[in-house]
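Okay, here's what each chain looks like letter by letter:
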Amino acid sequence: MNKRTIVPIGPYHALQEEPEFFKLHVEGEKVVHLDIELGYNHRGIEKLSESKTFEETIFLVERICGICSTSHPLACVQAVEDAGEIPVPERALFIRSAVGELERIHSHLLWLGLAGHFIGFNTIWMWAWRFREDVLNILELITGNRNHYGMMKPGGVRRDINKTDIPAISKLLDSLQDPIKLFRDAVVQDPLIHARTKGIGILTREKAQDYGALGPTARASGYDIDVRRDHPHAAYPMLDFDVITCEKGDVFDKAVVRILEMFESIRIIQQCLTQLEKSGGPVDSNPKTVPAGEGIGFYEAPRGEVFHYVRSDGSNRPIRHKVRAPSFMNVPTNRETVLGATVADATIILAAVDPCYCCTERMAVAVGHHDGERLLNARDLMRLSCEKTDRLMAETGLRGPSLPDFQRE
Amino acid sequence: MNRTINALTRSLNVFHLAGSACNNCDIEILDALTPRYDLERFGITLVGSIRHADVLLVSGVFNRKAAIRAMELLEQAPKPYLVLGIGGCPCTGLMFRNSYNWDRPPSDYMNIDAFVPGCPPKPEAIISAVVKVVEGLRSGALVPRCLQDATELAETPEAAGTV
Amino acid sequence: MDKFDIITTIQRQLGDRILAVQRKSDQRIYIEITPQSVQEASRLMLDEFAARLQIATGVDTSNGYEVMYHWALDNEGFVITLRVLLDHASAELDSIALMCPAAEWIEREMWELLGIEFNGHPDLRHLLLADDWPEGNYPMRHNHEVTT
């Protein structure tokens, strides 16, 4: 069993910002080494941004990632505002927070569905994505689009939320509570999901800090960071919310953190809506120029902190625009979590940092195919993962999460 | 209509070939398959390998690193197959076409049969594209470009039918 | 420890290796240091303040390459940016990847896109660009031209 097999995963698993190519080096069933190769999604956005005006840059960074299409613009406009000391009306801050939190709910539901798909429960996938559509409806109501909202601009937001729409939005949000509770119970109380995810892919607190892990990946390990609380921005200093943390840092904890965060997000949005209903005023300070200077902006995206650095020389274009997405820091932690795990668990461990890749989006391309290497493709991996679930079912007599007949009025 | 092409008008196996995309089109493709839009009820399912595919959904621009892999992959697709360019990126490259890592328009090295523009196109648009392509195949107005002689291939995306 | 104490500690520890201190706002502080003291300063940030390396930014300016290490102090709620100016002719720095694993990819990316050498980096190879990317072609430099 000493022969070393290389299992390539990737390069394409399209549901994340950065398609990656993982090479799992395995001996028997154990993963002994992990190679991570990036670059399949490198579009040179930082350089492109230097050729765009500050207004256009927002649309460019929106297209860094379709899932974080509020987080990047929000971090970017905050960097521009920091550089030029541009004031933002209070109403705009509440709208920013509300849209950002809606995005968090849809992103976490998306991840939850794919994680369920991964361990062989397609029911969770379909249910989670079905309720994600409700979130997209709210976003469409507020912003006019399902994704790529085009809401942020330096100095404010592009669209106000109509006061007449607020009761409807609030009602739609409340209707999300039940489905999320359903998922919480399905995941937290189900013994089979415990068997598949507890104690697997552990990231210790020390390692999380060393690697600079961010977002739910860090918080699941007890590394209590959240830039919404630590570095006040947008409307967060005026809102009441909890930062969810867990201790163990395994796949289960990462799922729990994300599910509980959705309840917090609903709380935050409801507070924002109350404020928006009470107050009025402009949503945009209409800055005409961005003075010379440099600025840093960040925002707690669903996956962790998004970082933007902008330098302006007083013209209408940035002379340097640095972007750091959270996965850039989170993905290297896989080198710690996946070692010693079995191949059947590797898929869910690699997915747990929320690169949220789905088997169906991946493929194995035989790069460097030499003797002694056996190539498994995504289907094989998925099969292995599902077989393990079946095996556990047979051994323990447990059944998958039973999703009750869930009727919405 | 010959029998080979007839196979393309039934339940389709879809493979999803994402380039250096922002993932939004990919998510909208999955959205079209999940319960709200539910293309699966027509037997349209996502498959994990290009060797099982009838239709390739291409999304995003392809950078220099990804384009080589995409070309390698396309050779593994069983004929006849259809290629659908989903989103604005495969059509024109949108805002990424001036990038240092931009390779070429995907239509230069892929026989893209239909384009679905939009950033991202809504699931309704994707469904509408599938319907139009199937209708085109049935009426004979659309012949899969992978079956056409290579020399007849049009060079520009405009020559392909935009849905 | 409050902000004032932290800045005083940094000034005391680094002494004349600090070239300039700029307090942009309550939450943003920029400190320019000499290129030779990058490792020492990073060690200080890690050990003394348990700071988190957010990212390093490299800029090609007319005076040379400017490298900025953005350190977040999450408990105190502000960001310290350590700024280093390198001559165009000698674009090299000491790597901090060994003391701070988070820096490994950050330095690889900067080496690849801006062409700054990191001495002592464990694994300096292409991260983002194609395998056959031409040697000495650094897209983030200002004289770079798109070759397609």
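Calculation criteria
Residues numbered from 1 in each chain as written. Chains lettered and ligands numbered in written order. Predicted model: local features only at pLDDT ≥ 70, side-chain atom pairs only at ≥ 80, totals over all residues. Helix = DSSP H or I, 4+ residues; strand = E, 2+ residues; numbered from the N terminus. Buried ≥ 20, exposed ≤ 12 C-beta atoms within 10 Å, placed from the backbone. Contact = placed C-beta atoms within 7 Å. Pairing = 2+ DSSP bridges. Axes fitted to C-alpha atoms, helices over the stretch in contact; angles between N-to-C directions. Core = buried A, V, L, I, M, F, W, Y, C linked by C-beta atoms within 7 Å. Domains from an automatic or database assignment. Expected span 1.5 Å × (residues − 1). Arc of directions from axis to C-beta. Nonpolar A, V, L, I, M, F, W, Y, C, P; charged D, E, K, R; others polar. pLDDT = per-residue confidence, 0-100.

K.L.:
Help me get a handle on the overall build of chain C, residues and values and all.
P.N.:
When helices and strands are tallied, chain C shows 3 helices and 7 strands. Counted from the first residue to the last, chain C has its helices and strands arranged as α-β-β-α-β-β-β-β-α-β. When the backbone C-alpha atoms are referred to their principal axes, chain C occupies close to 50 × 30 × 25 Å. Taken across its 148 residues, chain C has 40% of its residues classed as buried. Sequence-distant contacts in chain C: of pairs separated by 6 or more residues, those separated by 24 or more amount to 49%.

K.L.:
Tell me what's going on with unusual backbone geometry, and back it up with residues and numbers.
P.N.:
With an omega dihedral of 0 degrees, the bond running from Lys79(B) to Pro80(B) counts as a cis peptide bond. Tracing the chain through its elements places Pro80(B) in the loop between helix H3 (64–74) and strand E4 (82–86). Located in the positive-phi region is Asn23(B), a residue other than glycine, with phi close to 80 degrees. Relative to the assigned elements, Asn23(B) resides in the loop between strand E1 (13–18) and helix H2 (24–33). Given 29 C-beta atoms within a 10 Å radius, Asn23(B) is considered buried. Unusually for a residue other than glycine, Ala50(C) sits at a positive phi of about 50 degrees. Here Ala50(C) is to be found in the loop between helix H2 (38–49) and strand E3 (52–61).

K.L.:
Any chance you could break down the sheet that holds E3(C) for me, citing the residues and the numbers?
P.N.:
Residue and element names in this part refer to chain C. Read from one edge of the open sheet, 5 strands run E1-E2-E5-E4-E3, paired in mixed fashion. Every other strand in the sheet has two partners, leaving strand E1 (18–23) and E3 as the edge strands with one partner each. Each adjacent strand pair in this sheet contributes to an overall mean axis angle of 20 degrees, direction not counted. Across 5 bridges, strand E2 (residues 28–33) lies against strand E5 (residues 78–86) in parallel orientation. By the bridge assignment, glutamate 32 is partnered in E5 with arginine 83.

K.L.:
If you had to explain the nonpolar core to someone new, which residues and values would you point to?
P.N.:
Membership of the largest hydrophobic core comes to 205 residues, with the highest contact counts inside it found for Leu56(B), Leu84(B) and Trp71(C). Examining the composition of this core, we find that 15 residues originate from one element, helix H4 (residues 90–118) of chain A, more than from any other. A domain-level breakdown of this core finds at least three residues from each of domain 1 (4–41 + 331–396) and domain 2 (45–329) of chain A. Each residue touching Leu56(B), except ones within four places of it in the same chain, is listed here: Phe15(B), Leu17(B), Ala77(B), Tyr81(B) and Val83(B).

K.L.:
Quick one: what's the story with helix H2 (residues 54–62) of chain A, residue by residue and with numbers?
P.N.:
Among the residues of H2(A), those classed as buried are Phe54(A), Thr57(A), Ile58(A), Leu60(A), Val61(A) and Glu62(A). Tucked into the core, H2(A) has its buried residues touching helix H1 (45–49), helix H3 (71–84), strand E4 (152–153) and strand E8 (318–324) of chain A.

K.L.:
Describe the pairing of E1(C), with residues and values.
P.N.:
Taken together, the 5 bridges between E1(C) and E2(C) define a ladder with antiparallel strand orientation. Each bridged residue has a counterpart across the sheet, and for Gln22(C) the counterpart in E2(C) is Tyr30(C).

K.L.:
How would you summarise H2(C) if you had to cite specific residues and measurements?
P.N.:
All names here are of chain C. Taking 1.5 Å per residue as the helical rise, H2 with its 12 residues ought to reach 16 Å, and the 16 Å between its terminal C-alpha atoms agrees with that figure. Along H2, the residues that are buried comprise Val38, Ala41, Ser42 and Met45. Projection of H2 onto a plane perpendicular to its axis shows the buried side chains occupying an angular sector of 100 degrees, all on one side. Trailing H2 by a residue or two, alanine 50 shows a phi angle of about 50 degrees, which is positive.

K.L.:
Kindly report on the environment of Val131(B), identifying the contributing residues and their values.
P.N.:
Residue and element names in this part refer to chain B. Here valine 131 shows up in helix H5 (residues 123–139). For valine 131, a count of 12 C-beta atoms within 10 Å corresponds to the exposed category. Spatially, the C-alpha atoms of valine 131 and leucine 8 are 12 Å apart, while their sequence positions differ by 123 residues.

K.L.:
So what's going on with the sheet that holds E8(A)? Residues and values would help.
P.N.:
Residue and element names in this part refer to chain A. Taken together, the 3 strands give an open sheet; going across it, the order is E6-E7-E8, and neighbouring strands pair in antiparallel fashion. Both outer strands of the open sheet, strand E6 (293–301) and E8, are each paired with one neighbouring strand and no more. Ignoring which end each strand starts from, the neighbouring axes of this sheet average 15 degrees apart. Pairing of E6 with strand E7 (residues 304–312) involves 9 bridges; the strand directions are antiparallel. Within E7, the position partnered with tyrosine 299 by the bridge is valine 306.

K.L.:
Give me the lowdown on the domain arrangement of chain A, citing residues and values where you can.
P.N.:
Residues and elements named next belong to chain A. Examined at the domain level, chain A breaks down into domain 1 (4–41 + 331–396) and domain 2 (45–329). On the side of domain 2, 30 residues touch domain 1, which itself brings 28 residues to the contact. Looking at the side of domain 1 that touches domain 2, the elements that each hand over two or more residues are helix H13 (334–337), helix H14 (343–352) and helix H15 (378–396). Of the residues assigned to the side of domain 1 that touches domain 2, the class counts are 16 nonpolar, 7 polar and 5 charged.

K.L.:
I'd like to hear about the confidence of the model for chain A, residue by residue, with values.
P.N.:
Low pLDDT marks regions whose predicted coordinates should not be analysed in detail. Residue and element names in this part refer to chain A. Within chain A, residue pLDDT values average 82, and 86% of them lie at 70 or more. Within the model, the stretch residues 356–375 combines pLDDT values under 50 with 55 contacts to residues more than four positions away or in other chains. When the criterion is pLDDT under 50, residues 404–409 qualifies, and its contacts beyond four places in sequence or with other chains add up to 2 contacts.

K.L.:
Let's hear about the confidence of the model for chain C: which residues, and what values?
P.N.:
Per-residue confidence for chain C gives a mean pLDDT of 88; residues scoring 70 or more make up 97%. Scored as a whole, the predicted complex attains pTM 0.88, and scored at its interfaces, ipTM 0.92.

K.L.:
Kindly report on the environment of Asp47(C), identifying the contributing residues and their values.
P.N.:
Residue and element names in this part refer to chain C. Mapped onto the elements, aspartate 47 comes out in helix H2. With 10 C-beta atoms counted inside 10 Å, the residue aspartate 47 sits in the exposed group. Put simply, aspartate 47 and proline 35 are 12 residues apart on the chain and 20 Å apart in space, counted from C-alpha to C-alpha.

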